[in-house]
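# Architecture and fold: a report
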Amino acid sequence: MKNIAVIGLGSMGMGMAKSLIIDGFTVSGYDLNPITTAALSEFGDCETGAEPISSASKFDAVLFVLVNAAQIESALFESGLDRQLSEKCIVSIHSTILADESKSIAARLGARNIRMIDAPISGGAAKAAIGELTIMAAAKYADMQAIKPVFDAIASHVYHIGEDIGLGSSVKTIHQLLAGVHIAAAAESMAMAAKAGIDLNIMYDVVTHAAGNSWMFENRMQKVLTGDYTPNSMVDIFVKDLGLVLDTAHGLKFPLPLASAAHQMFLAASNEGFGQLDDSAVIKIFKGIKLPE
């Protein structure tokens, strides 16, 4: 593993690409946003652009860090990239998508004898920037061993869930259930504190030193305190991810009352125009309270 392509240079993909450069890999980074690709070029010596097809044959691994399955299919199949990759290449899907979508992509790649790893990630932009993501991967053992140097560069925790494609996506879906509900609950609690006239800084300090704390509360409510909703993960990401959670549950005929309520909160925030803000902006759906600006 030497030549690595990263497709999708958002907050997660950019951190992954930079971590690979620091670790000595030959990196090619691709994104439709020229400002993003220019930023990666300034960071280190690497090939950048919007389309990877002309260089596809040299890649040992291609990491997809796009928003959804539709974007992956467009970048991988509609562009013709899959026809240019060599059989030595491993495609690693790091996006949050349905298990059935992972299986479908793997089957189409398998028809061309190209291996795939179903490898969703977690940890946010901060962990991506320092190469300490968590990867929940499903793939054949041999493929996991082949890509291990790449995963070691971008992650501090790599879980091999099993060999069946889709298991990684299923674990990530369940994780996003927790993440979304935690953010929604954190926002609701801080909104109630604001309504009760409690100093939000004091409320934050109490919770982060008491049993009600969570990583999401500590991380996301800090943004509420500063009034800075510059996105690392947007409201609309959780509209999508909790939608995947509910789609999966419907297929299982399994009730998810808390996830359903949280999804409605993120939908309401998006409907009010906050979809492109940080996901902590879900607190803005509560009326009659004053929030820090």
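Because the structure is a prediction, the values reported are computed rather than measured.

## Section: the packing of helix α7 (residues 167-195) against helix α8 (residues 200-207)
- The interhelical angle for the contact between α7 and α8, taken along N-to-C directions, is 135°, at an axis separation of 10 Å. As far as their axial angle goes, α8 and α7 are oblique. Considering only the axes of α7 and α8, their crossing is right-handed. In this structure, α7 contributes Met 190, Ala 193 and Ala 194 to the contact, and α8 contributes Leu 200, Met 203 and Tyr 204.
- Counted by class, the contact of α7 with α8 contains 6 nonpolar, no polar and no charged residues.

## Description of the pairing of strand β2 (residues 26-30)
- In terms of burial, β2 is a largely internal element, 4 of the 5 residues being buried.
- The pairing of strand β1 (residues 3-7) with β2 spans 5 bridges and is parallel. Note that in β2 the partner of Val 6 across the bridge is Gly 29.
- Chirality of the crossover, the property in question, places the unit of β1, helix α1 (residues 11-22) and β2 among those that are right-handed.
- In this structure, β2 lies alongside strand β3 (residues 47-49), joined through 3 bridges in parallel fashion. Following the sheet pairing, Gly 29 is matched in β3 by Thr 48.
- Handedness of the crossover joining β2 and β3 through helix α2 (residues 34-43) is recorded here as right-handed.

## Examining helix α4 (residues 99-110)
- Here α4 contains 12 residues, and its C-alpha end-to-end distance of 16 Å stays within 8% of the 16 Å for a straight helix at 1.5 Å per residue.
- Within the sequence span of α4, burial applies to Ala 99, Ser 102, Ile 105, Ala 106 and Leu 109. All buried residues of α4 project into a common sector of 125° when viewed along the axis, lining one side. Within α4, the exposed residues directed more than 90 degrees away from the buried face are Asp 100 and Ala 107.

Reading the values: rules and limits
- Residues numbered from 1 in each chain as written.
- Predicted model: local features only at pLDDT ≥ 70, side-chain atom pairs only at ≥ 80, totals over all residues.
- Heavy atoms only, no water.
- Axes fitted to C-alpha atoms, helices over the stretch in contact; angles between N-to-C directions.
- Helix = DSSP H or I, 4+ residues; strand = E, 2+ residues; numbered from the N terminus.
- Parallel < 35°, antiparallel > 145°, perpendicular 65-115°, else oblique.
- Left-handed = near helix turned anticlockwise from the far one by under 90°.
- Contact = heavy atoms within 4.5 Å.
- Nonpolar A, V, L, I, M, F, W, Y, C, P; charged D, E, K, R; others polar.
- Buried < 20%, exposed > 50% of the residue type's maximum accessible area, 1.4 Å probe, protein only.
- Pairing = 2+ DSSP bridges.
- Right-handed = clockwise from strand over helix to strand, strands pointing away.
- Expected span 1.5 Å × (residues − 1).
- Arc of directions from axis to C-beta.

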